[in-house]
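Coordinate inspection notes
Chain residues, written in single-letter form:
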Amino acid sequence: MSAKHLIIYNTGGSGLASLGRAAKRLLDQVPDGLKITARSGDDLFDEKQVNGFLEMVGAADSLIVILHGGKISCPFFDGLMEAARDVPLYIHPSDEEENELAQEFCPDYGTDGF
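Described in the following lines is the structure provided in the data block. (Residues numbered from 1 in each chain as written. Predicted model: local features only at pLDDT ≥ 70, side-chain atom pairs only at ≥ 80, totals over all residues. Heavy atoms only, no water.)

Considerations on the sheet that holds strand S2 (residues 34-40)
Across the sheet, which stays open at both edges, the 4 strands sit in the order S2-S1-S3-S4 with parallel pairing between neighbours. What marks the edges here is a single partner per strand, and that holds for S2 and strand S4 (89-92). Strand after strand, the sheet turns through a mean of 15° between neighbouring axes, direction not considered. Relative to S2, strand S1 (residues 4-10) runs parallel, the two sharing 7 bridges. Across the sheet, residue Asn10 finds its bridge partner in S2, namely Ser40. Relative to the sheet, helix H1 (residues 16-29) contacts S1 and S2, its axis offset from that of S2 by approximately 170°. With respect to the sheet, helix H2 (residues 47-58) is in contact with S1, S2 and strand S3 (62-66), its orientation differing from that of S1 by roughly 140°. (Pairing = 2+ DSSP bridges. Helix = DSSP H or I, 4+ residues; strand = E, 2+ residues; numbered from the N terminus. Axes fitted to C-alpha atoms, helices over the stretch in contact; angles between N-to-C directions. Contact = heavy atoms within 4.5 Å.)

Structure follows, in structure tokens:
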């Protein structure tokens, strides 16, 4: 059985170092349990990087999106949502606009699982 692939996209990149430390501890305990790929807005600096990322999203098992400023903080938001159409998605709502985006794009919104 292959590891589940979780992708995390954080437009601002804050918290990725903490995430890396937490992932390392998890992977030390369950080495083949989860593959985590994290990217920030700075990592996706050109069309080639964005397109590669979107392909990876389409093949992922789950996607977490942390916007820090709504849809405008992710220049390729519509493409990201298209790539993630068949991928379980969590948009972290930190303001009213992001809450509305989570309602629109996250089927589990409003459930205990969300």
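Resuming the write-up.
Digging into helix H4 (residues 96-105)
Where H4 is concerned, the buried positions are Glu98, Leu101 and Ala102. Angular distribution of buried residues about the axis of H4 spans 100°; they occupy a single face of the element. Opposite the buried face of H4, at more than 90 degrees from it, the exposed residues are Glu96 and Glu104. In this structure, the buried residues of H4 make contact with helix H3 (77-83) and S4. If you check the start of H4, you find a side-chain oxygen 3.2 Å away from the backbone N of Glu97, and it comes from Asp95. (Buried < 20%, exposed > 50% of the residue type's maximum accessible area, 1.4 Å probe, protein only. Arc of directions from axis to C-beta. Polar contact = N/O pair within 3.5 Å; in protein donor to acceptor, adjacent residues only side chain to side chain.)

Regarding the nonpolar core
Counting 24 residues, the largest nonpolar core has Phe53, Leu63, Val65, Phe76, Leu80 and Ile91 as the members making the most contacts within it. Listed by contribution, the elements that provide at least two residues to this core are S1, H2, S3, H3, S4 and H4. In this structure Val65 touches Tyr9, Leu80, Met81, Leu89, Tyr90, Ile91 and His92, once residues within four positions along its chain are discounted. (Core = buried A, V, L, I, M, F, W, Y, C linked by side-chain atoms within 4.5 Å.)

Details of the packing of aromatic side chains
According to the stated counting rule, one finds 6 aromatic pairs in the structure shown. Seen from their ring centres, Tyr9 and Phe53 are 5.6 Å apart, and the 45° between their planes marks the pair as tilted. Of this pair, Tyr9 sits in strand S1 while Phe53 sits in helix H2, and the two are 44 residues apart along the sequence. For Tyr9, a relative accessible area of 1% gives the class buried. Within the aromatic cluster, the residues linked to one another by ring pairs are Tyr9, Phe53 and Phe76. (Phe/Tyr/Trp six-rings, centres within 6.5 Å; stacked < 30°, edge-to-face > 60°.)

Section: the pattern of salt bridges
Pairing is possible between side chains of opposite charge, provided their charged atoms come close. If you walk through the whole model with that rule in mind, you get 3 salt bridges. Note that Asp28 and Lys24 form a salt bridge whose closest N and O atoms lie 3.1 Å from each other. Within this pair, Asp28 and its partner Lys24 are both found in helix H1, separated by 4 residues, close to a single helical turn. For the residue pair Asp28 and Lys24, the accessibility class agrees, reading exposed in each case. (Salt bridge = Lys/Arg side-chain N within 4 Å of Asp/Glu carboxyl O.)

Here's the deal with a negative patch on the surface
Together, Asp95, Glu96, Glu97 and Glu100 make up a region of like negative charge exposed at the surface. The residue Glu97 is located in helix H4 in this model. (Patch = residues over 30% accessible without salt bridge, like charges linked within 9 Å, V, L, I, M, F, W, Y side chains within 5 Å. Areas by Shrake-Rupley, 256 points an atom, 1.4 Å probe, with all protein chains shown as cover. Lys, Arg positive; Asp, Glu negative; His and termini not counted. Charge placed at Lys NZ, Arg CZ, Asp CG, Glu CD.)

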